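# Per-entry structural report
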2 protein chains.
Amino acid sequence: MTDLKWKILAAVQDDLVRVEKALADNLDPYLDLVGKTAGHILFSGGKRLRPLLMILSARLCGYNGGKEIDYSTIFEYLHAATLLHDDLVDGAAVRRGRQAAHTVYGNSTAVLVGDFLLARGLSIASRTGKIEVIDIIAGITENMSQGEIHQLLAKQNLELTEEEYLEVIRRKTAVLIQGACRVGALVADAPAQEERALSAFGYNAGVAFQMADDLLDYTADSKELGKKVGADLREGKLTLPVIHALKNASGPERSEMERIILDKDFSEADFDTFVEMLKRLGGIEYTIQRAAGHVRKAKQALDIFVPGPVKDILADIADYALVRKH
Amino acid sequence: MTDLKWKILAAVQDDLVRVEKALADNLDPYLDLVGKTAGHILFSGGKRLRPLLMILSARLCGYNGGKEIDYSTIFEYLHAATLLHDDLVDGAAVRRGRQAAHTVYGNSTAVLVGDFLLARGLSIASRTGKIEVIDIIAGITENMSQGEIHQLLAKQNLELTEEEYLEVIRRKTAVLIQGACRVGALVADAPAQEERALSAFGYNAGVAFQMADDLLDYTADSKELGKKVGADLREGKLTLPVIHALKNASGPERSEMERIILDKDFSEADFDTFVEMLKRLGGIEYTIQRAAGHVRKAKQALDIFVPGPVKDILADIADYALVRKH
């Protein structure tokens, strides 16, 4: 475990325990199967990044209303709902080292329990009494569903641009993290300037986390990652390391990369070759630099806040995007 | 066309035109495929029952804020979202005489466009500025997803009770229609008594519509219904006509019914036999009586309102549950 991870965990461990409890308490299903299926995805070792960011954002804005743990479950429910639907859509077999829920409980249950989790998130959101929060949730869901469809449509598209990639990850990942931070500011009745700052923090942290995720799919150890590396490539998802490497590739290199991308049954040797090419053609390094740029922007957005332990932890979480192993 | 349908259509035709336009205008997708898939289900000859009930409920409570058409789209979007997910879950091939969306655009798109439609409904709901409306939407979605799962779990369950059947149809159908009517009262800032009355109207009308739907699956003409009759039986869904007939069946009759229920490839002759038995054992008549009871209760709930054309149309719509052919 990295030092940074240790430092963050030490700072938030009490909150994490309370978030776990709230996630179980707020679920409130009437059918056993719903509780089981939701539990399969909810209690499988998620990092609780989104709830934590909401809680810390609220505190950074001086919130002391005592409901931050409760409200924070909104964002884990939304996240879990989209994981259920996306794993099904992507045909993913494994998530966090366990069988994906749709392969255990069936596609129908995964679809409907996803809907249920979305509804639970919304129901908790309505407890805030703030229509702006609802607007954010609606926007998140619109963006995530369309971002995922966009990603589906872009599969194996060798002409995918960096711009289009950014549009997809903004919708499918960044808006949720951005929304969690903004809602933290909103429940604290923070001034507009602070809400905007946390929104920028969340957006940039979200982009950095997704870019790092896309990197890990080529650079991580399968065991640490909790799923086989190369999943994106196997699904035909072109991410930034690949897009950038393709741009820099000469004719024969590009042909070789295209062959592996279009071959759904590429060999392990092919995969190793592919990763080598990503490195050689600068795709890995470029993605690290772009992610680092977003981490920097995220931390800069916090400049308007006075120094203190909450601000430090938020900055640490942004930094963590780039050092994590899974 | 029945006289009643004609009378209702004449009264609401201007609203229907405006609802169609609002459904197209409020959709606002960023991807063509989302617009197409949503359009496939949204513009396929739906009755717009839910938007109309919201509009009429608002007017009955004296609403004149001019936003009722806009708000009414919430309920058609929610309805379309659940149709997309439910048709996929049920493996239904046909809806309203057309191929079901998931068979045209694929399961993944159907799941994600369903999520998008839910989000659009929520987004329009937030325009009301009323947290109670959001609470209702969240409750509707929780109930519908769990009701559908409950229905899945109850497939081919020969011991399904009338009580459990009622619980399923309350969740999967009645709460949405009830919610549409309640929201009508809420946007009109109606007194609690009127909100309760419209809630009771919607609940009972919703139960009656679902019972009538379940009847039509045995008694309708396939062409008028827009899908093959017997779909429920083929899917192993036990509805009230069957539950009641099973209760009244003697040993050999029950065995014959059970055989057909458990045989997924029953013949047309089997189906005719089955319908005959439903009639002879009182399942059809009992369901008509129960539905008629709910229509009566729905209309009684309107007693607190002074007579007038809006109240008449709501009563006509409740009556229509039992005379419609599809």
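Residues numbered from 1 in each chain as written. Chains lettered and ligands numbered in written order. Predicted model: local features only at pLDDT ≥ 70, side-chain atom pairs only at ≥ 80, totals over all residues. Heavy atoms only, no water.

### Quick word on the state of the cysteines
All names here are of chain A. Taken as a whole and assessed by the stated rule, the structure comprises zero disulfides over all chains. Cys181 carries a free sulfur, and the closest cysteine sulfur to it, the one in Cys61, is 9.8 Å from it. Given a relative accessible area of 0%, Cys181 falls into the buried group. (Disulfide = S-S within 2.5 Å. Buried < 20%, exposed > 50% of the residue type's maximum accessible area, 1.4 Å probe, protein only.)

### Overview of the confidence of the model for chain A
Do not read the fine detail of predicted coordinates wherever pLDDT is low. Residues at a pLDDT of 70 or more form 98% of chain A, whose mean pLDDT is 94. In the predicted assembly, ipTM is 0.93 and pTM is 0.94. (pLDDT = per-residue confidence, 0-100.)

### Examining the interface of chain B and chain A
Opposite the 38 residues of chain B that make contact, chain A presents 38 residues. Buried surface at the junction of chain B and chain A, summed over both partners, amounts to about 3,600 Å²; 73% is from carbon and sulfur atoms. Three residues, B:Tyr30, B:Leu112 and B:Gln146, lead the burial of chain B against chain A; their summed loss comes to 19% of the area buried on that side. Across the contact surface, chain B and chain A share two salt bridges. Here B:Glu142 and A:Arg120 are joined by a salt bridge, their closest N and O atoms 2.9 Å apart. Between the two partners, chain B and chain A, sit 16 residue pairs in polar contact (both at pLDDT 80 or more). Mapped onto the side of chain B that touches chain A, the elements with two or more residues apiece are helix H2 (32-42), helix H4 (68-90), helix H6 (107-127), helix H7 (131-153) and helix H8 (162-187) of chain B. A total of 14 residues in the side of chain B that touches chain A trace back to one element, the largest contributor, which is H7(B). Each residue belonging to the side of chain B that touches chain A can be placed in one class, and the counts come to 20 nonpolar, nine polar and nine charged. (Contact = heavy atoms within 4.5 Å. Buried area = accessible area lost by both parts, 1.4 Å probe. Salt bridge = Lys/Arg side-chain N within 4 Å of Asp/Glu carboxyl O. Polar contact = N/O pair within 3.5 Å; in protein donor to acceptor, adjacent residues only side chain to side chain. Helix = DSSP H or I, 4+ residues; strand = E, 2+ residues; numbered from the N terminus. Nonpolar A, V, L, I, M, F, W, Y, C, P; charged D, E, K, R; others polar.)

### A word on the environment of A:Ala321
Residues and elements named next belong to chain A. Inspection of the secondary structure assignment puts Ala321 in helix H16 (residues 309-323). Assessed through its relative accessible area of 1%, Ala321 is described here as buried. Once the C-alpha coordinates of Ala321 and Ser199 are considered, the two residues, 122 residues apart in sequence, prove to be 17 Å apart.

### Details of the pattern of salt bridges
All names here are of chain B. Following the criterion strictly, the structure yields 50 salt bridges over all chains and no others. Between Glu167 and Arg171 there is a salt bridge, with its nearest N and O atoms 2.9 Å apart. Taken as a pair, Glu167 and Arg171 lie in helix H8 at a separation of four residues, close to a single helical turn. Residue classification places Arg171 among the buried residues on the basis of a relative accessible area of 9%. Measuring nitrogen to oxygen at the nearest pair gives 2.7 Å for the salt bridge that ties Glu258 to Arg254. In this pair, Glu258 and Arg254 are both assigned in helix H13 (residues 251-262), four residues apart and thus about one turn of the helix distant. Assessed through its relative accessible area of 22%, Glu258 is described here as partly exposed.

### Some remarks on the packing of H2(B) against H6(B)
Residues and elements named next belong to chain B. At a minimum axis distance of 10 Å, the contact between H2 and H6 shows a crossing angle of 80°. Considered as vectors, H2 and H6 are oriented roughly perpendicular to each other. Along its contact with H2, which presents Leu33, Val34, Thr37, Ala38, Ile41 and Leu42, the element H6 presents Thr109, Val113, Phe116 and Leu117. The residue makeup of the contact of H2 with H6, split by class, is eight nonpolar, two polar and no charged. (Axes fitted to C-alpha atoms, helices over the stretch in contact; angles between N-to-C directions. Parallel < 35°, antiparallel > 145°, perpendicular 65-115°, else oblique.)

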